[in-house]
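# Geometric and topological summary
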Amino acid sequence: MLSEQMNEALNVQANRELYSSYLYLSMSYYFESIRMLGFASWMRVQAGEELVHTMKMLDYVASAGGRAKMLAVEAPQLSWASPGAAFQHVWNHERAVTGLIHALVNVAIAEEDEATKSFLQWYVDEQVEEEESSDDVLNKVKAAGNDSAALQAADRELGSRRFKFPRDFEIFPYAALQGRTIGSLKK
Ligand code: FEO
């Protein structure tokens with residue numbers, strides 16, 4: 001059973017994950033507006049991953065006997081000065097999220113809540129990957145600078161990114177309870 005404080009802290013972090021999804025969706029439409037469709041697609045995958053981060057956290061709250069609450073989501077920025085500025089924003093944002101996840105782990109430690117601490121390890125590991133990938137794309141876009149051919153090449157490369165659900169995440173849990181897996185629904 002979650003303490004009230006742990007429950008609230010998880011709800012607040014789920015809201016930040018949803019904000020991340022909203023932010024990346026905003027970046028996706030910004031890139032679409034400047035016809036950089038590979039970057040737009042990359043951001044759309046990123047937005048999908050953040051929605052999974054949100055739901056995974058709220059599912060945990062519900063399954064641990066807490067109450068998942070939908071809090072108001074802040075409106076994100078709508079446009080950026082350049083592709084490089086948008087990817088710099090991603091980099092900064094992911095580092096800030098890592099700090100929030102580590103603070104959340106500290107709440108679990110203070111509450112002596114081993115189950116939540118163990119659950120949060122997935123997010124700690126995920127942030128290592130998120131930081132690596134934001135670093136990688138920022139370097140690519142920075143290297144391209146204002147060279148339009150190099151930017152187009154980076155745009156094409158980032159457009160190849162595909163969305164994958166985490167192995168242990170079930171987006172339609174009721175279907176799973178009825179013995180129908182996502183795989184069988186697709187057939
Ligand atoms: Fe879910 Fe990119 O933090």
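Cut-offs applied
Residues numbered from 1 in each chain as written. Predicted model: local features only at pLDDT ≥ 70, side-chain atom pairs only at ≥ 80, totals over all residues. Heavy atoms only, no water. Helix = DSSP H or I, 4+ residues; strand = E, 2+ residues; numbered from the N terminus. Contact = heavy atoms within 4.5 Å. Areas by Shrake-Rupley, 256 points an atom, 1.4 Å probe, with all protein chains shown as cover. Salt bridge = Lys/Arg side-chain N within 4 Å of Asp/Glu carboxyl O. Buried < 20%, exposed > 50% of the residue type's maximum accessible area, 1.4 Å probe, protein only. pLDDT = per-residue confidence, 0-100. Expected span 1.5 Å × (residues − 1). Polar contact = N/O pair within 3.5 Å; in protein donor to acceptor, adjacent residues only side chain to side chain. Phe/Tyr/Trp six-rings, centres within 6.5 Å; stacked < 30°, edge-to-face > 60°. Axes fitted to C-alpha atoms, helices over the stretch in contact; angles between N-to-C directions. Parallel < 35°, antiparallel > 145°, perpendicular 65-115°, else oblique. Left-handed = near helix turned anticlockwise from the far one by under 90°. Nonpolar A, V, L, I, M, F, W, Y, C, P; charged D, E, K, R; others polar.

As a further point, take the overall build of the protein chain. Secondary structure assignment for the protein chain yields seven helices and zero strands. Along the chain direction, N to C, the helices and strands of the protein chain fall in the order α-α-α-α-α-α-α. Looking at the protein chain alone, contacts between residues at least 24 apart form 80% of all its contacts between residues at least 6 apart. For the protein chain, the accessible area works out to roughly 10400 Å², and carbon and sulfur atoms hold 55% of it.

The subject of this paragraph is the side chain of Thr54. Tracing the backbone shows Thr54 in helix α2 (residues 37-63). The residues contacting Thr54, other than those within four sequence positions of it, are Ala14, Glu17 and Leu18.

A word on the pattern of salt bridges. Throughout the structure, instances matching the rule amount to six salt bridges. Among the salt bridges present, the one from Glu49 reaches Arg161, with a minimum N-O distance of 3.3 Å. Separated by 112 residues along the polypeptide, Glu49 in helix α2 and Arg161 in the loop between α5 (148-158) and α6 (173-177) bring together distant segments of the chain. With a relative accessible area of 17%, Glu49 lands in the buried category. Residue classification places Arg161 among the buried positions, given a relative accessible area of 18%.

Across the protein chain, pLDDT averages 92, with 93% of residues at or above 70. Taken together, the stretch residues 179-187 has pLDDT below 50 and engages in six contacts with residues farther than four places along the chain or on a different chain.

With 28 residues, helix α3 (residues 83-110) should reach 40 Å at 1.5 Å per residue; the first-to-last C-alpha distance of 41 Å fits that figure. Where α3 terminates, the next one or two residues include Glu112, which has phi positive at roughly 55 degrees.

What follows deals with the side chain of His53. Here His53 shows up in helix α2. At a separation of 3.3 Å, a polar atom in the side chain of His53 contacts the side chain of Glu17.

Per the stated rule, a full pass over the model turns up eleven aromatic pairs. Geometrically, the ring pair formed by Trp122 and Tyr123 is edge-to-face, given 4.9 Å between the ring centres and 80 degrees between the ring planes. Taking relative accessible area as the criterion, Trp122 reaches 22% and is therefore assigned partly exposed. Classification of Tyr123 as buried rests on a relative accessible area of 2%.

Further remarks concern the packing of helix α4 (residues 114-144) against α5. Close contact between α4 and α5 brings their axes to 8 Å; oriented N to C, the two are set at 160 degrees. In terms of orientation, α4 lies roughly antiparallel with respect to α5. For the pair α4 and α5, the sense of crossing is right-handed. Contacts between α4 and α5 involve Val137, Lys140, Val141 and Ala144 from the first element and Ala150, Leu151, Glu157 and Leu158 from the second. Classifying every residue of the contact of α4 with α5 gives six nonpolar, no polar and two charged.

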